[in-house]
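Chain residues, written in single-letter form:
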Amino acid sequence: MLTGALGRRTFLQLLSGGALALMAGCSPRPRGELLPYVVAPEAGEEQQIFATALPYLGMARGMLVESVAGRPIKIDGNPSHPASLGGSDIYAQAALFDLFDEKRLRMPLRSGRPAAFRQMLDEVKGWLGAGAEGLHILTRTVASPALQAAISALGARWHRYDPIWPVSLACRRPAHLRAPLQPCLVAFDADPLGMHPEHLRLAREWSALRPRLYVLESTPTLTGGRARQRHGLPPVEVERGLWALAARFGMAPAPEGEVRVEPAWLDRVEAELKRGDGLLLAGETLSPQAQALALRLNRRLNAPVDVLPALDQHLLSPNESLHELEGALQAGEVKVLLILEGNPVYERPQFANYLSRAGLTLHHSRVANETSQLCHWVLPASHELESWGDLRAYDGLLSLVQPLIQPLHQSTSGLELLARLKGDERDGYALIRDFWRGRPWDESLRRGFLEGSHSRPLEWSEREPGAAPAPVPETVLIFRPDAGVVDGQLAGNAWLQECPRPFSKLVWGNAVQLGRATAESLGVANGDLLELKVGQQSCTLPAWVEAWQPEGTLAVHFGFGGERGGYDVYPLRAEDAWQAAVGVRKVEGRVLPISTQAHHQLDGRAILQTEAAAVEVDLYGEKAPSESEAWGMVIDLEACIGCNACTVACQVENNIPTVGPAEAARGRELHWIRVDRYDHGERVDFQPVPCQHCENAPCEKVCPVGATMHSHDGLNQMVYNRCVGTRYCANNCPYKVRRFNFFDYWGRGSKGEAPSPPLNLGWFEGEPKNPEVTVRDRGVMEKCTYCVQRISAARIGADKENRAIADGEVVTACQAACPSQAIVFGNLADSGSRVARARSDRRNFALLGELNTKPRTTYLSRPNEVD
Amino acid sequence: MDQWLGVMVMTALLLLLVGLPALWIYAHSDYVQRSRLAPEQPIQFSHRHHVAEVGLDCRYCHSAVETGASAGMPSSSLCLTCHSQLYADNDLFEPLRRSYAEGQPIRWQRVYRLPDYVYFNHSIHVAKGFGCVECHGRVDQMALVQLNQPLTMEWCLDCHNDPGPHLRPQDKILDPGWEKVAHPELKEYYQIRKQGLTDCSVCHR
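Scoring rules and cut-offs
- Residues numbered from 1 in each chain as written.
- Chains lettered and ligands numbered in written order.
- Predicted model: local features only at pLDDT ≥ 70, side-chain atom pairs only at ≥ 80, totals over all residues.
- Heavy atoms only, no water.
- Helix = DSSP H or I, 4+ residues; strand = E, 2+ residues; numbered from the N terminus.
- Rg over C-alpha atoms; globule rule 2.2 N^0.38 Å.
- Buried < 20%, exposed > 50% of the residue type's maximum accessible area, 1.4 Å probe, protein only.
- Contact = heavy atoms within 4.5 Å.
- Areas by Shrake-Rupley, 256 points an atom, 1.4 Å probe, with all protein chains shown as cover.
- Axes fitted to C-alpha atoms, helices over the stretch in contact; angles between N-to-C directions.
- Parallel < 35°, antiparallel > 145°, perpendicular 65-115°, else oblique.
- Left-handed = near helix turned anticlockwise from the far one by under 90°.
- Nonpolar A, V, L, I, M, F, W, Y, C, P; charged D, E, K, R; others polar.
- Arc of directions from axis to C-beta.
- Pairing = 2+ DSSP bridges.
- Domains from an automatic or database assignment.
- Buried area = accessible area lost by both parts, 1.4 Å probe.
- Salt bridge = Lys/Arg side-chain N within 4 Å of Asp/Glu carboxyl O.

Participant: Kindly report on the overall build of chain B, identifying the contributing residues and their values.
Facilitator: When helices and strands are counted, chain B shows eleven helices and one strand. Starting at the N terminus, the α and β elements of chain B follow one another as α-α-α-α-α-α-β-α-α-α-α-α. On C-alpha atoms alone, chain B measures out to a radius of gyration of 22 Å, which is more than a quarter above the 17 Å that the 2.2 N^0.38 rule sets for 205 residues. For chain B, the spread of C-alpha atoms along the principal axes amounts to about 80 × 50 × 35 Å. Counting all 205 residues of chain B, 35% fall into the buried class. Put simply, of all contacts in chain B between residues at least 6 apart along the chain, 64% involve residues at least 24 apart. Carbon and sulfur atoms form 60% of the exposed surface of chain B, whose accessible area is close to 12,100 Å².

Participant: Now, about the side chain of Glu653 of chain A: what can you tell me, with residues and values included?
Facilitator: One can find Glu653 of chain A in helix H20 (residues 645-653). Given a relative accessible area of 4%, Glu653 of chain A falls into the buried group.

Participant: Go over the packing of helix H8 (residues 235-248) of chain A against helix H9 (residues 263-274) of chain A, please, and point to the residues and values.
Facilitator: All names here are of chain A. Between H8 and H9, whose axes approach to 10 Å, the crossing angle comes to 50°. By the angle class used here, H8 and H9 are oblique. With respect to the hand of their crossing, H8 and H9 are arranged in right-handed fashion. In this structure, H8 contributes Gly241, Ala244, Leu245 and Arg248 to the contact, and H9 contributes Pro263, Leu266, Asp267, Val269, Glu270 and Leu273.

Participant: So what about the packing of helix H15 (residues 414-421) of chain A against helix H16 (residues 428-435) of chain A? Which residues, and what values?
Facilitator: Residues and elements named next belong to chain A. Running from N to C, H15 and H16 cross one another at 90°; their axes reach a closest spacing of 9 Å. Accordingly, the angle class assigned to the pair H15 and H16 is roughly perpendicular. Along the contact surface, H15 presents Leu415, Glu416 and Ala419, while H16 presents Gly428, Leu431 and Ile432. For the contact of H15 with H16, the class distribution of residues is four nonpolar, one polar and one charged.

Participant: Which residues make up helix H5 (residues 76-83) of chain B, and what values do they have?
Facilitator: Residues and elements named next belong to chain B. Residues of H5 that are buried: Ser76, Leu80 and His83. The arc that holds every buried residue of H5, seen down its axis, measures 70°, which confines them to one face. Residues of H5 that are buried make contact with helix H3 (47-53) and helix H6 (94-102).

Participant: Mind laying out the sheet that holds strand E27 (residues 583-590) of chain A, listing which residues take part and the relevant values?
Facilitator: All names here are of chain A. The mixed open sheet is built from seven strands, whose spatial order is E26-E20-E25-E22-E24-E23-E27. Each end of this open sheet is capped by a strand with a single partner; those strands are strand E26 (579-581) and E27. The sheet shows a mean angle of 35° between the axes of neighbouring strands, direction not considered.

Participant: Could you give me a rundown of the domain arrangement of chain A, with the residues and numbers involved?
Facilitator: Residues and elements named next belong to chain A. Taken domain by domain, chain A comprises domain 1 (180-304), domain 2 (476-595) and domain 3 (631-860). Here the C-alpha centre of domain 2 lies 26 Å away from the C-alpha centre of domain 1. Taken together, the contact pairs 18 residues of domain 1 with 18 residues of domain 2. Across the domain 1/domain 2 interface, buried area totals approximately 1,300 Å², and carbon plus sulfur atoms make up 71% of it. Our count for the domain 1 to domain 2 interface comes out at one salt bridge. Asp189 is paired through a salt bridge with Arg480; the nearest N and O atoms lie 3.8 Å apart. Looking at the side of domain 1 that touches domain 2, the elements that each hand over two or more residues are helix H7 (222-225) and strand E12 (229-232). Residue contributions to the side of domain 1 that touches domain 2 peak at three residues, all from H7.

Participant: Before we move on, can you summarise the side chain of Thr221 of chain A with the specific residues and values?
Facilitator: Checked against the element boundaries, Thr221 of chain A lands in the loop between strand E11 (212-217) and H7. Excluding its chain neighbours within four sequence positions, the residues that come into contact with Thr221 of chain A are Ala190, Asp191 and Phe503 of chain A.

Participant: Can you break down the domain arrangement of chain B residue by residue, with the values?
Facilitator: Accessible area lost when the parts come together is the quantity often used to give the size of an interface. In terms of domain boundaries, chain B breaks down into domain 1 (2-33), domain 2 (47-73 + 111-203) and domain 3 (75-107). A C-alpha centroid distance of 38 Å is found between domain 1 of chain B and domain 2 of chain B.

Participant: Please set out the environment of Asp101 of chain A residue by residue, giving values where relevant.
Facilitator: All names here are of chain A. Position of Asp101 relative to the elements: it lies in the loop between helix H3 (95-100) and strand E5 (109-110). A relative accessible area of 4% means that Asp101 is categorised as buried. Residues Asp101 and Val367 lie 266 residues apart in sequence; the distance between their C-alpha atoms is 8.9 Å.

In structure tokens:
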């Protein structure tokens, strides 16, 4: 048509066509619908807070859950609950993901096909008849008295196991050792700030006390990161160090042969302990003898250690009980086996051989896993946020678990399932009310726990510590739970998978950690494959050089393999051992694990300041745009333990999507607050870096469309609807805190093309996001806003009452989550505010202050420890 | 050929001079802005009847207007407070009865809609002397609610730049019939912020 001369008719045709096309683009304003309630709830659409408890390592921490329009949207610590004291951790923050996980089981399955719950009950009855003979139940550690009672009432044989078993064997019976922190702490492979059921309380106590901390450990831990003097040694040498210390107090024979702990460390620790305010912490991965020796030494030092009964007292050893079950299965005594939660086939691969010998197997689980594949019935389990129950904390405090939402799928809680098996049709609420009869219900429910219900300390008898273990010449492989997905139960949680591990900064997978010299002697660099051989089992993993991993040891973390990403190392573990002698061999191939350590680098600028006297920074300068409000933040690097709770809390609060392993490997993770790690030999520093809200913001100068602007109260605002995605601002930001949505990571499918391969990050349509925060689209820049939605809420509240915003009224999500209270936020214009006082501390410094960006976020340096 | 070139240039010029302003006018027209247009609703609910004739307070149905971001829409059960007795058998109320019986919400068509990245809070506006009429018009005279204002950012900023002339005494906030007279003292009375009302983050976050 266009060939030759353009005729008049053709021209007019094209003109009208073009005009029509133009008109079609101007569609009228889109309409929506308003769907009011049929019967309005009491609270309407206002935010409500409920107290409940969530488990970590099987034990309760009190949490407050925010619910808007009937949907839980945010979880934070319950300040009055002794096990959390208001702090939270990545696991509590990310629990919402598990609730709304799209991989959850929707309905009961019989041999992989949807089936009716009633059919399962009939089938069980068919096997058992009227009695309970031949019914076996396998659980993990059960810290819920109601569930314990329900299992006992069923009359079944009860077996327990737990891959991670935070119970001390220092006495003749399994116990929880509990002590208030003391001004001087000596930790032997203990991680009170990290892998401990009470880590929230301990972190808060630690932050208030800032004790003199000395650490001997065999893998890097958060506790080691805060130590004054920390030494990494193989596990047996850590124990020998304990014996050497005890020998100085005349409590144990000195270990034979050479001790690898430096005498200087021992001298220092001995002198410190003799000051009379010391406490020894022995980790549960140490041998029972070593734990007993530490307890003895504590008694000698008059350290106030309580021995509390373990929550699951029948569990003498995590294996005994499972061996019993395996024996019963072998003998064909098991007609019906009910596995409550857990994944024994994955955690103990040999268990699979026995499982087929049971008549009927039932697995009660939130998601399908290795165990459910081998079971006849898979029964969907309710999440803690959709079921009634109770749970004890580490110290025995009885806490209530209350639902925030009706079960999303055809699921039952463990309590309900056991009741159904007994022919009891009541729901979870009726069951827990019945069990709690005689206890104050209303008060406990409002508070979240039953006051005064913690365990009473026991009289205890010591174990004999005996002689120190002999040194081990071989290379030792150390097993530890992963800091993100723990034992693998949380591996489906994208928020936890993408949260950089505190030391390695690895995401979406694991690797074998080894020290620099060990790596050199093996001739491997990051990503080179290593074959580990323990007994008959072998496993190939990429190497990851970790400066803090003691030489002569390798460390691997549980919780990965298969769909979880990374590599499964459970097969290497014999029974419940925490270490094993290992043969290591370099094999062909390279798989580089994904680590965020090198992402968002500041061009080699040395920015962390550690000296007590920081540089002078002109804080208020000539720029004081508001006389009433000037928002600012101070982060205390001495208090920060590097746990990442802030990172995940921010992610939940601000609707930050996960990007998946492929995108994370390209450095495109979207966390608004990253925790940088700095190595200085035997000292490590953590520095959380959110947007610094510079008064002279370099990003604002380069935005061609004014999408990032300054507000009168000092916020560096990001206006998503103006942003056209030039990314100039991110380039010009010296702190590298701006994040770009390269794809439509929420998968809303509006404009963005689907990333390839599809990310499938686990959310399904209609998942709750924070309704107060815009969900960003593809091609938009984003960054920390100082939780401007919370500032707005406080401002509206204050303005309605014609008053100023009080100090402490605006709490940012990271600040609320921080277990060690390292973050202070508030109004710098109010000289009496906590943040203004923190900022006048002589440790205060501004990141890259010499650039004269005048950041509103400043840091308190972590002093070089000198006595 | 030259002749056609001339025609083409003239047409292009005409397009620029007439077409673009026409497009602009079209884009800001009532039709596109949906103002003064009342969409079809599942129930022919008349504000005129309920407000002007029956004399209901706005807050009886929009109960969260003084406390929440959203003013709140009445639940089906709230409508039935009266309509289980009044006109209970009328066919008009079939959708209401069905909603209550089946537990399904009534699907009202939105008249006022802001983009997802705009956060508007009713309670602060009402608390600071801003009447319902300013945005919603004389709903007491509307049989079917229609959009009364353009809801553009420019329109929001008009007041945020200078709220004074739009303020009314506290007892007149819900009064649709109040004749606007200037009250210069009100800005002081309501202690309206002098700074920051036009910050981006006031509405966008």
